[in-house]
Every structure is written in structure tokens, then in C-alpha cells.
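Architecture at a glance
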Amino acid sequence: MEPLQYDSVIPLYHQLMERLKGAIQKGHWTHGDKIPSENQLMDQFSVSRNTAKKAIEELVQEGILYRVQGKGTFVAKPKLQQSLMGFYSFSKVLKEKGMNPKDIILKIEETKPTAKIREALMLEKNDYVIEMKRLRCANNEPYILESSFIPKSVVSTIDQLKNVGEISLYDLFAQQFNIVVTRAKEAFEPVLIRPEESEYLQTEVGSPALLLERTAYDRNGTPVEFCISIVRGDRCRFYTELT
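What comes next is a walk through the structure.

Cut-off values and rules
Residues numbered from 1 in each chain as written. Predicted model: local features only at pLDDT ≥ 70, side-chain atom pairs only at ≥ 80, totals over all residues. Heavy atoms only, no water. Buried < 20%, exposed > 50% of the residue type's maximum accessible area, 1.4 Å probe, protein only. Helix = DSSP H or I, 4+ residues; strand = E, 2+ residues; numbered from the N terminus. Arc of directions from axis to C-beta. Contact = heavy atoms within 4.5 Å. Pairing = 2+ DSSP bridges. Axes fitted to C-alpha atoms, helices over the stretch in contact; angles between N-to-C directions. Salt bridge = Lys/Arg side-chain N within 4 Å of Asp/Glu carboxyl O.

Before going further, it helps to examine helix α6 (residues 169–177). Turning to α6, its buried residues number three or more, namely L169, Y170, L172, F173 and F177. Along α6, the residues classed as buried sweep out an arc of 155° about the axis, all on the same side. Taken together, the buried residues of α6 touch β5 (129–138), β6 (141–151), β7 (181–192), β8 (208–218) and β9 (223–232). Positioned one or two residues after α6, N178 has a phi angle of 55°, which is positive.

Written out as C-alpha cells, the structure reads:
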């Protein structure tokens, strides 16, 4: 790794972060590899303990590194990155990245929607929805805990949804119901993993996550799904491009 520039206006801890990230990107370290300790980084780059510690802590916060108590700091698995520039399907994104998608259906039942769900789906007061809760995995690792709410008028029987997992929900919409999802609105909010979510997502309570709410529309502009997802912050990263 290149030495730091001590006369630069860029803080030393940030320079050290970039050196460590560059080493990971170039394959010097890969997933599961242990990186040098704070003491080793202090000696190698002639920096203070606070500088070495801050550089590592920032990379841990970004999900690039992770700590194991009493053992050291290691390179984390690369995050699944997804652009927000256009409409996307989680299953198709995984396949495009060479990953194997798998949905585990936890619940499918008819239920009375909350006021929020009813408003999102433009339903009447006495309308019902089908709630489908599923665990969305990539290469058998859980990434998202998701609850989809579909107007009862869209689905003839619950059994029609049981093939989700073999094909994507939106492909099933097209094949079974002649509904083509053409666009969606999404909102994101940072949250912490709760105990009931931790068990499914196989991550610690209090871990960072994203709460994602999506309303999907057909080609006529009619809402056909409202979805609430808890997305693991250590495994997924969303980005956009500004022009």
C-alpha cells in the first residue's frame, strides 16, 4: 500500500481508509481475511492509535470490515448493490449477478388491511387483502424479510400464490392474472433489527437495516401490491446517480 501524504488537506484517517479499501478491491484481502491490527497499522503508516482506530471503525460502519471480539478485524462479504435509477425485481437482480435467489414462504393468509395499506392500494373500507410473508435469500443466506399485501380482487385463491419462490411474484402476476407491473414507488428509512426479525434474518438484534416500503402499479396505474421489507444493512446497498 502507498504511504500516506502527511502534508495533505485530506485527514490521515480518511487516507488510511482509502488505502485499506483499495487493498480489498485489488484482491490483496478477500472475504474472511484478517487485516492488520491497529498496532500494525500504526507502525506501518506512522499514525496515532486514534487515526488507525477511526479508519477501521469507519470501514466497519460501511460494512466493508467486521470485528470479532478477541480475534481481530476481518473483511466482510461484498454487499449486494442495486441502483434506484429504474424499476427492478430482487429475484432478477440476483440472477443477473450470478446469485441464486430463493424465497421461503412464511405465511399466506387473507386479512383486513390497516388504514395505511388500504390507502396505498386505494381500497374501500370493507376490502380485504392477501398477506404473503416471505424470507428472501441469496445463495441460501437471508437478505430480506418481506410482507406483500395484494388486493383480494387481484387473487382468485391463495393457492395461486404458492408458486412464488419458483418464479418471481411479478412474473406470476403476468402469467396467472395477466397483470404487468410497470412501475413502483419506494420509500426508505433506516431502522434497527428487532428481536422478531433477528431470528429470520440471522443477524444480531440492533443491527442496522433499511425499512423499505414499495407500492407497485400495473400498466393502467392501478396499485396491485404494497410491500413492507426489512433489508439487512450489512448485505445490501442501494445507490442512485445524479446528473
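Read from one edge to the other, the open sheet built from 6 strands follows the order β4-β5-β6-β9-β8-β7, with strand pairing classed as antiparallel. Of all strands in the sheet, those bounded by a partner on one side alone are β4 (101–111) and β7. Looking at each pair of strands side by side, their axes are set apart by 20° on average, direction ignored. Sheet topology places β5 next to β6; 10 bridges connect them, and they run antiparallel. When the sheet's bridge partners are listed, I130 is paired in β6 with I150.

This part covers the pattern of salt bridges. Applying the stated criterion across every chain yields a total of 17 salt bridges. Residues R136 and D103 are paired through a salt bridge, measuring 3.1 Å at the closest nitrogen-oxygen approach. With R136 in strand β5 and D103 in strand β4, the pair connects residues that are 33 residues apart, well separated along the chain. Under the relative-accessibility criterion, R136 is labelled buried at 7%. Judged by its relative accessible area of 13%, D103 is buried. It is possible to trace a salt-bridge network through shared partners that takes in D103, R134, R136 and E146.

The quantities given are spatial measurements derived from coordinates; they are silent on function.
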